[in-house]
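What the coordinates show
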Number of protein chains: 2
Amino acid sequence: MAAAAPPPPPTPAPSAPTGLSDSTPGGHPLFSRIRLATPLDIPYIQKLIHQLAIFEKLADLCTATESDLASTLFKSPPFHSFTIFLLEVSSRPFENDSAFHSQNFTPIERIINLDHSVSDPEAGAFANGINGDVVVAGFVLFFPSYSTFLGKPGFYVEDLFVRECYRRKGLGKMLLSAVASQAARMGYGRVEWAVLDWNAIAIKFYEEMGANVLPEWRICRLTGPALEAHRDAN
Amino acid sequence: MAAAAPPPPPTPAPSAPTGLSDSTPGGHPLFSRIRLATPLDIPYIQKLIHQLAIFEKLADLCTATESDLASTLFKSPPFHSFTIFLLEVSSRPFENDSAFHSQNFTPIERIINLDHSVSDPEAGAFANGINGDVVVAGFVLFFPSYSTFLGKPGFYVEDLFVRECYRRKGLGKMLLSAVASQAARMGYGRVEWAVLDWNAIAIKFYEEMGANVLPEWRICRLTGPALEAHRDAN
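Residues numbered from 1 in each chain as written. Chains lettered and ligands numbered in written order. Predicted model: local features only at pLDDT ≥ 70, side-chain atom pairs only at ≥ 80, totals over all residues. Heavy atoms only, no water.

You'll find chain A entered in an unreviewed UniProt entry as N-acetyltransferase domain-containing protein, with Salix udensis given as the organism.

Below, the structure is given as structure tokens:
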């Protein structure tokens, strides 16, 4: 979709505890990490994109295959073109962190202390890493934009997504803030994205992060046969 | 501004003819050309951006200097990052056309037959080229975007602008169609831009070009101190 970001959905129902020890207040650390995605992550990214499309009630518009993504992403250095931060979580500290350090970006790690451990019904499909304990929980895809009024680049966030069982824990905020932080450190002028006007929860979340929702602007889109009709127009 | 495109404004008053010969039906060819902009065009581009800001009633948000533009534009090959098509017009055929041919883009030329010659009050400020007869009339700035749903890149049009005395002659359509044509030829999935919801003339113009205006999406923006606050958030 044009852009989207479904943070905390309306029903604030945490995952059911699976045992007595799961209800220890703050006793369940969730180790979270944001790192640059690599081509090896494409299978997870493709699944996350399709989950986002279902959330947005736009699944019929979502046709991206792993092959589509592989042929169009990771063609340029990070931040200069389409860039993906991957969100991973683990119940244990990350072991192979140095593998994801690069001159472009140092992974961001945070320990979130939960009262209950998370029950992840898709842990198998999203398991990543050598020890099997690391799970892909979300992503953000963004790319450089340009503000002629500021005379500066910015970032446009196309997608921000956290899998349902990991929402309402500050992870969506952590992902978006990582993009904003990167923009600020690069001297960029702004970060923009689009939100569905019926997604009041998301709008509140974005406003709390300091964003303004612009009431007057509407997105125009030329696609499919209507775009193709311009191919030889000149 | 986020994005914009002010095509034909409401008052359809063509420039007053300056002499008898100016009213010959179709007897006034306006030679028009779209070519890739170069760093030498920055002074014109800066003036055009400020005219656009005034049109959008957003002049107070427009701070871009020539130096800002020079330090952020023309850093990558065309179409891979921020790209500008410049619109030039002349009452005579273009002479130095070959200078603007490149492996990336062949200039698009069209002859528009007008009933009256155009009276350009800013011809001096926008005169370009060796023979002094070529005038910069508008521009479009765009950059690659990415659709996760399509698994394909697209273009996002940040600005589309034609100077007032050259509007209502099909030049805005020619500029936007040039971007759409380029997108189609590169196999891209869509072209998007933003429009102010009060600009009914622009909306009609875009819909006639085949675009859909998306009613549900709103643009969110994080900028200034609110963006800076995220710098060390991680």
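Now, onward.
A few words now on the overall build of chain A. Check the secondary structure of chain A and you find five helices and nine strands. Tracing chain A from N to C terminus, the helices and strands come up as β-α-α-β-β-β-β-β-α-β-α-β-β-α. Expressed as a percentage of its 234 residues, the buried residues of chain A come to 55%. Considering only contacts within chain A whose residues lie at least 6 apart along the sequence, 78% involve residues at least 24 apart. Of the roughly 9,600 Å² of accessible surface on chain A, 56% is carried by carbon and sulfur atoms. (Helix = DSSP H or I, 4+ residues; strand = E, 2+ residues; numbered from the N terminus. Buried < 20%, exposed > 50% of the residue type's maximum accessible area, 1.4 Å probe, protein only. Contact = heavy atoms within 4.5 Å. Areas by Shrake-Rupley, 256 points an atom, 1.4 Å probe, with all protein chains shown as cover.)

Once that is clear, we can look at the pairing of strand 9 (residues 217-223) of chain A. Of all seven residues in strand 9 of chain A, six are buried; the element is thus mostly enclosed. Judged from the seven bridges that link them, strand 9 of chain A and strand 7 (residues 190-196) of chain B form a sheet pairing that is antiparallel. Pairing of Arg-218 of chain A across the sheet is with Val-195 of chain B, part of strand 7 of chain B. In the sheet, strand 9 of chain A pairs with strand 8 (residues 212-214) of chain B via three bridges, with the strands oriented antiparallel. In the sheet register, Ile-219 of chain A faces strand 8 of chain B, and the bridge partner there is Leu-214 of chain B. (Pairing = 2+ DSSP bridges.)

Attention now moves to the relation of the copies chain A and chain B. Between chain A and chain B, the superposition needs a rotation of 180° and an axial shift of 0.0 Å, giving an RMSD of 0.0 Å. Look at the turn and shift together and you get a two-fold axis relating the two. Looking at the rotation axis and the C-alpha trace of chain A, the residue lying nearest is Arg-218 of chain A, at 3.3 Å. Comparing contact sets, 100% of the residues at the interface of chain A also lie at the interface in chain B, consistent with an isologous, same-surface contact. (Least-squares fit on C-alpha atoms with pLDDT ≥ 70 in both.)

Let us now look at the pattern of salt bridges. Close approach of charged atoms lets side chains of opposite charge pair. Residues and elements named next belong to chain A. Tallied over the full model, the rule gives 24 salt bridges over all chains. Glu-192 is the partner of Arg-190 in a salt bridge, and the nearest nitrogen-oxygen pair spans 3.5 Å. According to the relative accessible area criterion, Arg-190 is buried, its value standing at 5%. A relative accessible area of 5% places Glu-192 in the buried class. A cluster of three or more residues bridged by salt bridges with shared partners is formed by Arg-33, Arg-35, Asp-41 and Glu-88. (Salt bridge = Lys/Arg side-chain N within 4 Å of Asp/Glu carboxyl O.)

Once that is clear, we can look at helix 1 (residues 42-55) of chain A. Residues and elements named next belong to chain A. The first and last C-alpha atoms of helix 1 sit 20 Å apart over 14 residues, in line with the 20 Å expected at 1.5 Å per residue. Along helix 1, the positions that sit buried rather than exposed are Ile-42, Tyr-44, Ile-45, Gln-46, Leu-48, Ile-49, Gln-51, Leu-52 and Ala-53. Residues of helix 1 that are buried sit in contact with helix 2 (66-72), strand 2 (83-90), strand 4 (127-128), strand 5 (134-147) and strand 6 (152-162). At the C-terminal side of helix 1, Lys-57 shows a positive phi close to 60°. (Expected span 1.5 Å × (residues − 1).)

On to the interface of chain A and chain B. Contacts between chain A and chain B engage 78 residues on the former and 78 residues on the latter. Taken over both partners, the interface formed by chain A and chain B buries close to 7,100 Å², and the fraction arising from carbon and sulfur atoms is 59%. At the boundary of chain A with chain B, the tally comes to six salt bridges. The shortest N-O distance in the salt bridge between Arg-221 of chain A and Glu-192 of chain B comes to 2.5 Å. Viewed at the interface, chain B and chain A are joined by 38 residue pairs in polar contact (both at pLDDT 80 or more). For the side of chain A that touches chain B, the element with the highest residue contribution is helix 3 (residues 171-185) of chain A, accounting for eight residues. Among the residues forming the side of chain A that touches chain B, the class breakdown is 47 nonpolar, 15 polar and 16 charged. (Buried area = accessible area lost by both parts, 1.4 Å probe. Polar contact = N/O pair within 3.5 Å; in protein donor to acceptor, adjacent residues only side chain to side chain. Nonpolar A, V, L, I, M, F, W, Y, C, P; charged D, E, K, R; others polar.)

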